[in-house]
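# Structure at a glance
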Amino acid sequence: REMAQQVAHEIKNPLTPMKLNLQYLQKAIDSNSSNVKDISRYVAKVLVEQIDHLSQIAGDFAQFANIGQTNNQVFDLVDVLKQLTILFSSNENTEVKLQLHREELLINADKTQVNRLFTNLLQNAIQSVPETRAALVLIATSAKEDDLLITVKDNGKGIPAEMLSKIFTPNFTTKSSGTGLGLAMCKGIVEKSNGSIWFETTEDVGTTFFVKLPSPTQSLNFMQAS
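I will try to describe carefully the structure that is included in this document. Residue numbers here run from 1 along each chain, matching the order of that chain's written sequence. Reporting of local features is limited, given that this is a predicted model, to residues whose pLDDT is at least 70; pairs of side-chain atoms are given and counted only at 80 or more, and all residues count toward the totals for whole chains, interfaces and linings. Calculation of side-chain values draws on the structure's entire complement of heavy atoms; hydrogens and water are dropped beforehand.

### Structural notes on the pattern of salt bridges
Should a side-chain nitrogen of Lys or Arg be within 4 Å of a carboxyl oxygen of Asp or Glu, the pair is scored as a salt bridge. Tallied over the entire structure, the rule returns 7 salt bridges. In this structure, the salt-bridge partner of Lys45 is Glu49, at a minimum N-O distance of 2.8 Å. Separated by 4 residues within a single helix, Lys45 and Glu49 lie in helix α2 (residues 36-65), roughly one turn from each other. A residue is classified by how much of its surface remains accessible, and Lys45, at 51% relative accessible area, is exposed. Residue exposure (1.4 Å probe, protein chains only): buried if accessible area is under 20% of the type maximum, exposed if over 50%, otherwise partly exposed. You can call Glu49 partly exposed: its relative accessible area is 40%. With its nearest N and O atoms 2.6 Å apart, the salt bridge here joins Glu191 to Lys187. Helix and strand labels come from DSSP, where a helix needs a run of H or I of at least four residues and a strand needs a run of E of at least two; each type is numbered from the N terminus.

### Regarding the side chain of Thr119
By secondary structure assignment, the location of Thr119 is in helix α4 (residues 111-127). A residue is classified by how much of its surface remains accessible, and Thr119, at 16% relative accessible area, is buried. Once residues lying within four places of it in the same chain are set aside, the contact partners of Thr119 are Leu84 and Phe88. Any two residues whose heavy atoms approach within 4.5 Å are treated as being in contact.

### Overview of the nonpolar core
Think of a nonpolar core as a cluster: buried Ala, Val, Leu, Ile, Met, Phe, Trp, Tyr and Cys residues, connected wherever their side-chain atoms sit within 4.5 Å. By size, the foremost hydrophobic cluster in this structure holds 38 residues, and its most contacted members are Leu77, Phe118 and Leu121. Ranked by the residues each element gives to this core, the list is headed by α4, at 7 residues. Leaving out residues up to four positions away in the same chain, Leu77 has contacts with Leu105, Ile107, Val114, Phe118, Leu148 and Ile150. Judged by nonpolar contacts, the second largest core, of 6 residues, contains Met18, Ile39, Val43 and Leu47.

### Brief notes about the packing of helix α3 (residues 77-88) against α4
Every axis in this analysis is a line fitted to C-alpha atoms, fitted for helices over the stretch in contact. Angles between the N-to-C directions lie between 0 and 180 degrees. The interhelical angle for the contact between α3 and α4, taken along N-to-C directions, is 35°, at an axis separation of 10 Å. Judged by the twist between their axes, the crossing of α3 over α4 is right-handed. Across the interface between the two elements, Leu77, Val80, Leu81, Leu84 and Phe88 of α3 pack against Lys111, Val114, Asn115, Phe118, Thr119, Leu122, Gln123 and Ile126 of α4. Amino acids outside the nonpolar list (Ala, Val, Leu, Ile, Met, Phe, Trp, Tyr, Cys, Pro) and the charged list (Asp, Glu, Lys, Arg) are all regarded as polar, and Gly is one of them. Here the contact of α3 with α4 is built from residues that sort into 9 nonpolar, 3 polar and 1 charged. Crossings are classed by handedness, with left-handed meaning an anticlockwise turn of the near helix from the far one by less than a right angle and right-handed meaning a clockwise turn.

### Considerations on α4
Note: α-helices contain 3.6 residues per turn, so residues at a spacing of three or four share the same orientation. Over its 17 residues, α4 extends 24 Å from the first C-alpha to the last, a length consistent with the 24 Å expected when each residue adds 1.5 Å. Summarising burial for α4: 12 of the 17 residues are buried, a large majority. Every buried residue belonging to α4 is among Gln113, Val114, Arg116, Leu117, Phe118, Thr119, Asn120, Leu121, Leu122, Asn124, Ala125 and Ile126, and all of these are buried. Looking at where α4 begins, the residue whose side-chain oxygen comes 3.1 Å from the main-chain nitrogen of Thr112 is Asp110. Each residue after the first adds 1.5 Å to the expected span of a helix. In protein, a polar contact requires one atom able to donate a hydrogen and another able to accept it; more generally it is a pair of N or O atoms within 3.5 Å, and residues adjacent in sequence count only if both atoms are side-chain atoms.

### As for the packing of α4 against helix α5 (residues 182-192)
Close contact between α4 and α5 brings their axes to 9 Å; oriented N to C, the two are set at 145°. Helix-helix and strand crossings are classified by hand; for α4 and α5 the assignment is left-handed. Between α4 and α5, the residues in contact are Gln113, Val114, Arg116, Leu117, Asn120, Leu121 and Asn124 and Gly182, Leu183, Met185, Cys186, Ile189 and Val190, respectively. Its residues assigned to classes, the contact of α4 with α5 shows 8 nonpolar, 4 polar and 1 charged.

Rendered as structure tokens:
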């Protein structure tokens, strides 16, 4: 029920400006307004933006629903992290650094979902940084006993104390818009990979997310056994 309410709420948000702008354009057409061309261009721009938003909403909920459907394979996590580092560093106000303890980290997981996991974590990290300062995100890897640990550390606003217990709740978000599924999706993906996820945060200093996954050796042994 809560998820259905969230879907309805998110869909209504873009529908309202779409309706208002179309009504505005209709009035301009009916009154033979001299600047109807300019109004049409403006309304078209608004509609395209809102349609993109609706597509994002649909995509988020579809991805969340498909977390349980995995297609595991052995792949190099380093390749995924390097590609995301390059992608997110393309913004001049954002710097993403990568510190690897090894140049190859083989894991057994769904590659598409793991890519989505770290994409979400990086997006959250960058969006948490106030506009008054440049975003600096550090991705680091390490190994401890039978586990591989990946950390994503930002210099953002941090998470207020009253929100800490809600971070992984499916319909919760600290942003002014969005489906609130990003971190819930991350948690589901990590748990499906037999791992765990948690975070540490300090307000106005930043947040670090920790992702623990089975080690490369465990992944290979699992594949050989299966």
